[in-house]
Each structure stands twice: as C-alpha cells, then as structure tokens.
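# Descriptive structure summary
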Amino acid sequence: MERLLEEAEKMQNYLEVECSDNIAEVIERIRTLSVYLARSGSMLAEAKRIHRRKVTSEIANTIIAIAKENYLSAKAQNALVNAIAEDEAFLVDKLDRINSSCVHQIDALRSILSYEKESLKLNSTGY
C-alpha cells in the first residue's frame, strides 16, 4: 500500500504542474498522461482489492461477531468498518481522482492542440 501511495503522490505532483502552450510540451504531456491514465487505473484496481481485503479481515469479522450479539446498530457497524479501512479507502479515492484528472487534462491538452492547429491554418491562409 505504501508503494502505491508513493507512486500516487508522484502522479499527483505531475498533475499539479501547469503546462505551457508550447506544442512539443503539450504533446509530451499527453504522452505522459496517457501512461499515467493506464497505470492509475491498474493501481486503482489494486487499491480496491487491498481495501476489500482489509474490510473483510479479522477485525471486520470480530465486529460482525459483536454485532450478532446485538451490541451494535447497523449504523455503528458501518462506521466501525469504514474506520478500520480508512487508509485503504483514502488510497482508493486518491487514485480515482488521479485517474479522472488524467482524463480531463488529456481532453484539455487536445483542445489546446486543436486551437494551435487552427491558428496555424488561419495564419498560413490569411483568413
């Protein structure tokens, strides 16, 4: 989990860097973001697996046993299970946001490329 979190932080730092309107930089950024998109999707699936394992671990089983004795309400049970897997849930959320951010940045960068392409066309034809 630590390895995933460290890699996610590196991706997040890259996502927070503003891109210039230099076409070569835009194209390179799209390439990098495409790799990050694929990697973050894989990492997200792995994080979800880690989260599910944690929730169904020995601690969750203990809570279920206590709940069967009618000591905890359903709401209290859910709160405890969520608290048990708080770090894992954070990793899942972080990777989900990184994955989504990659998609949105790629879309924005494609718009910049289209704009620059149209500007070049207009400048060369004079219209």
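Since the model is a prediction, treat every value here as computed from it, not as a measurement.

With that settled, the discussion passes to helix H1 (residues 2–15). Along its 14 residues, H1 runs 20 Å from first to last C-alpha, staying within 8% of the 20 Å computed at 1.5 Å per residue. Those residues of H1 that sit buried are Leu 4, Ala 8, Met 11 and Leu 15. Each buried residue of H1 lies within a common arc of 60° when the element is viewed along its axis, so the set occupies one face. Away from its buried face, by an angle of more than 90 degrees, H1 presents the exposed residues Glu 2, Glu 6 and Lys 10. Looking at the buried residues of H1, the elements they touch are helix H2 (23–55) and helix H5 (86–125).

We now examine the packing of H1 against H5. Across the interface, H1 lies against H5 with an axial gap of 10 Å and an inter-helix angle of 30°. For the pair H1 and H5, the crossing hand works out as left-handed. Of the residues in H5, those in contact with Leu 4, Leu 5, Ala 8, Glu 9, Met 11, Gln 12 and Leu 15 of H1 are Phe 90, Leu 91, Lys 94, Leu 95, Ile 98, Ser 101, Cys 102 and Gln 105. Split by residue class, the contact of H1 with H5 holds ten nonpolar, three polar and two charged.

Turning our attention to the packing of aromatic side chains. Summed over the entire model, instances satisfying the criterion amount to one aromatic pair. Here the aromatic rings of Tyr 14 and Tyr 36 are separated by 5.3 Å at their centres, their planes lie at 85°, and the arrangement is edge-to-face. Of this pair, Tyr 14 sits in helix H1 while Tyr 36 sits in helix H2, and the two are 22 residues apart along the sequence. The ring of Tyr 14 carries the charged tip of Arg 29 above its face, separated from the ring centre by 4.3 Å.

Parameters and conventions
Residues numbered from 1 in each chain as written. Predicted model: local features only at pLDDT ≥ 70, side-chain atom pairs only at ≥ 80, totals over all residues. Heavy atoms only, no water. Helix = DSSP H or I, 4+ residues; strand = E, 2+ residues; numbered from the N terminus. Expected span 1.5 Å × (residues − 1). Buried < 20%, exposed > 50% of the residue type's maximum accessible area, 1.4 Å probe, protein only. Arc of directions from axis to C-beta. Contact = heavy atoms within 4.5 Å. Axes fitted to C-alpha atoms, helices over the stretch in contact; angles between N-to-C directions. Left-handed = near helix turned anticlockwise from the far one by under 90°. Nonpolar A, V, L, I, M, F, W, Y, C, P; charged D, E, K, R; others polar. Phe/Tyr/Trp six-rings, centres within 6.5 Å; stacked < 30°, edge-to-face > 60°. Lys NZ or Arg CZ within 6 Å of the ring centre and 35° of its normal.

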